[in-house]
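Chain and residue survey
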Amino acid sequence: MGLPLCCSRPSLTSHARGLLTSLFTLLFLWLGSAQLRVEGPDQPLPATVGQDVVLPCHLSPQRDARSLEVRWIRDEFSETVHHYRNGEDLYGEQMEAYVGRTELARDGLSAGNLDLRITGLRPSDDGLYVCTVGDAYNEAIVELEVSAPFFHNAQPWMVALALVLVLLAVSIGLGVYLFRKKVTQSRELVNRDAKLEEQPAEIEEKDARLAELAAKVEEQSAELEKQAAELVRKDAKMVEQAAELAWRRCLLPQNRVKVTLDADTAHPMLVLSQDQTSVRRETEWQQVPDTPERFDTCCCVLGREEFREGRHFWEVEGEGEWLKFSWWAVGVARASVKRKGEIDTSPGEGIWAVEYYYEHLKSLTSPPTHLSLSPVPTRIWVCLDCTQQQVSFINADNGVEIFTFTAASFNGESIHPWFLLKKRGIQLCLRDSTL
């Protein structure tokens, strides 16, 4: 019976040693985690509206944070800006104002960096942000100061106009000040009749000086207004010259293209030539399939060629016995232009064109712009500049500009030549002659 008692003592000692080892291990881990801190910058972080910004934060001492839970919070709202846990971004609690605009910098997590990127800064993003890690560490506060840019992308005429307005305000203020000063002097003069009688010359001199000063202020204001108007005029002239340079570049020989008509888009009352280079209108509908690409109400047809970039031009001529009394239009259209039902032939519908009507021309703007031309051209160069998003029409007989659409909204679509015939008796022909 003595042997079992001797064998049980080592077992109790082993359990005691194991328990002490576990306690020391837990104490060591607790002490190690208690020294870990979350740190951020000491100074506010400046940024500008519209920019992207990175809010810096890191663990000290450095350790891998990929398996930790990281949460960024707006201090004044106590709501979540970004939530990260165990390698995943969690968006269930994210503030609506930050949806799609935040990202935790993953490349620095292994080194203990907890940086948060915010894109497209707004004025409402200004304020304090709190970075927390799990529940066992302290937190870091980052202050973000968001400011708006001043005179961002301001044009010269805008700066000049602002200067004129400031000077006008100064002039008005000076005039009010002088008027009040004069009123005050008049009241003092009324109370001092004796002194007024003794000093009439001095009073007249002061009035003259005030009048002279007011006249100088008005003269300077008028001169500034004149200079501002001249700046606006020069700016408009530069825009006009840029547009002219663009269409002249289009007319370089290497930009000429051969255009053919797309029979699949032609209205059933339109008849195309065999080589697809001319079109005329008939009284009866042709036996053609009614496809989604075909115009069914307006007698239109598109060119087969499509353009997305570069500069291009082609020549269109109206000819026929009844040309003087004809009604037709030429230009360009987006590939998505409406094919069924009535069409608004304007840029709003994706059409940029000029229209010939009984020896008169007008641009199909909204509303249309009547053009005073003599003679009225029937041979027209259509110039398309996809780079500048500009469409110009040039008299092919004398090289004179007819009309130019600037800032055309192509919306990234393909652009096709576009033709319209509203009366019979003529045909529109695509010419292949050189300049």
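Look above for the structure.
Let us look at the structure shown here. No experiment lies behind these values; they were computed from the predicted model shown. All chains use their own residue numbering, which begins from 1 and follows the written sequence. Only residues with pLDDT of at least 70 are given local features in this predicted model, and only at 80 or more are side-chain atom pairs given and counted; all residues enter the totals for whole chains, interfaces and linings. As a rule here, side-chain values come from all non-hydrogen atoms in the structure, and water together with hydrogens is ignored.

**Looking at the overall build of the protein chain**
Formally: Counting from the N terminus, the helices are the DSSP runs of H or I reaching at least four residues and the strands are the DSSP runs of E reaching at least two. Only protein chains enter the accessibility calculation, which uses a 1.4 Å probe; a residue whose area is less than 20% of its type maximum is buried, one above 50% is exposed, and one in between is partly exposed. Accessible areas in this description were obtained via Shrake-Rupley with a 1.4 Å probe; residue shielding takes into account the shown protein chains only.
Helices and strands together make up the secondary structure of the protein chain, namely four helices and 24 strands. Looking at the protein chain as a whole, 35% of its 435 residues are labelled buried. When the accessible surface of the protein chain is split by element, carbon and sulfur atoms take 54% of a total near 26,200 Å².

**What to know about the pattern of salt bridges**
Operational definition: By definition here, a salt bridge exists when the distance from a side-chain nitrogen of Lys or Arg to a carboxyl oxygen of Asp or Glu is within 4 Å.
Applying the stated criterion across every chain, the model contains 18 salt bridges. With its nearest N and O atoms 3.8 Å apart, the salt bridge here joins Arg 304 to Asp 262. On the criterion of sequence distance, the pair formed by Arg 304 in the loop between strand S14 (300–302) and strand S15 (311–319) and Asp 262 in the loop between helix H4 (200–250) and strand S12 (270–272) is long-range, its members being 42 residues apart. On the accessibility criterion, Arg 304 (46% relative accessible area) is partly exposed. Connected via shared salt-bridge partners are Arg 256, Glu 315, Arg 379 and Asp 397.

**So, the sheet that holds strand S19 (residues 369–371)**
We count it as follows: Two strands form a pair only when DSSP identifies at least two bridges running between them. A fitted line through C-alpha atoms serves as each axis, taken over the contacting stretch for helices, and the angle formed by two N-to-C directions is quoted from 0 to 180°.
The antiparallel open sheet is built from six strands, whose spatial order is S14-S23-S16-S17-S18-S19. Strand pairing shows two members of the sheet lacking a second neighbour, S14 and S19, which therefore form its edges. Strand-to-strand, the axes of this sheet are offset by a mean angle of 20 degrees, without reference to chain direction.

**Some remarks on the nonpolar core**
Note the threshold: We call a set of buried residues a nonpolar core when its members are Ala, Val, Leu, Ile, Met, Phe, Trp, Tyr or Cys and they connect through side-chain atoms within 4.5 Å of each other. Every residue pair with non-hydrogen atoms within 4.5 Å of one another is taken to be in contact.
Ranked by size, the top nonpolar core spans 38 residues in total, and within it Trp 314, Trp 328, Val 330 and Leu 428 carry the most contacts. With sequence-adjacent residues up to four places away left out, Trp 314 is seen in contact with Val 257, Val 259, Phe 307, Gly 331, Val 332, Ile 380, Trp 381, Val 382, Leu 384, Pro 417 and Leu 430.

**Re a nonpolar patch on the surface**
The criterion, for reference: Residues qualify for a patch when their relative accessible area is over 30% and they have no salt bridge, like charges being joined within 9 Å and the nonpolar side chains of Val, Leu, Ile, Met, Phe, Trp and Tyr within 5 Å.
On the surface, Trp 157, Met 158, Leu 161, Leu 165, Leu 231 and Val 232 cluster together into a nonpolar patch covering about 500 Å² of accessible area. Among the elements that take part in the nonpolar patch, helix H2 (residues 156–191) stands out by supplying four residues, more than any other. Note that Leu 165 resides in helix H2.

**Topic: the packing of aromatic side chains**
Put simply, the rule is: A pair of aromatic rings is counted whenever rings of Phe, Tyr or Trp (Trp by its six-membered ring) have centres within 6.5 Å, and the orientation is called stacked for planes under 30 degrees apart, edge-to-face for over 60 and tilted otherwise. The criterion is that NZ of a Lys, or CZ of an Arg, lies within 6 Å of the ring centre and within 35 degrees of the ring normal, and then a charge sits over that ring.
Taken as a whole, this structure holds eleven aromatic pairs when the rule is applied. Each ring, one from Tyr 357 and one from Tyr 358, has its centre 4.7 Å from the other, and the planes form 65 degrees; the classification is edge-to-face. Geometrically, the ring pair formed by Phe 393 and Phe 405 is edge-to-face, given 6.3 Å between the ring centres and 75 degrees between the ring planes. Remark: Phe 405 occurs in strand S22 (residues 401–405) and Phe 393 occurs in strand S21 (residues 390–395); sequence separation between them is twelve residues. Of the two residues examined, Phe 393 and Phe 405, each falls in the buried class. An aromatic cluster of at least three residues, connected via ring pairs, comprises Trp 322, Phe 325, Trp 327, Tyr 357 and Tyr 358. Above the face of the Tyr 129 ring, Arg 74 is positioned so that its terminal group lies 4.8 Å from the ring centre. Across the ring face of Phe 295, the terminal group of Arg 339 is positioned such that the distance to the ring centre comes to 5.5 Å.

**Overview of the pairing of strand S23 (residues 415–421)**
The buried fraction of S23 amounts to seven of the seven residues, a majority that puts the element mostly inside the structure. Alignment of S14 against S23, held across three bridges, turns out to be antiparallel. The partner of Val 301 across the bridge, within S23, is Phe 419.

**Thoughts on the side chain of His 82**
Worth spelling out the cut-off: As used in this structure description, the phrase polar contact means that two N or O atoms lie within 3.5 Å; if the pair is within protein, one of them must be able to donate a hydrogen and the other to accept it, and residues adjacent in sequence are counted only when both atoms belong to side chains.
By the secondary structure assignment, His 82 is in strand S6 (residues 79–85). Of the residues examined, His 82 reaches a relative accessible area of 2% and is grouped as buried. A polar atom in the side chain of His 82 sits 2.8 Å from the side chain of Thr 102. His 82 has contacts with Val 70, Arg 71, Trp 72, Asp 89, Tyr 91, Gln 94, Thr 102, Glu 103, Leu 104 and Leu 116, leaving out every residue within four places of it along the chain.

**Examining the environment of Val 38**
Structurally, Val 38 is set in strand S1 (residues 37–39). Relative accessible area serves as the criterion here: at 3%, Val 38 is assigned to the buried category.

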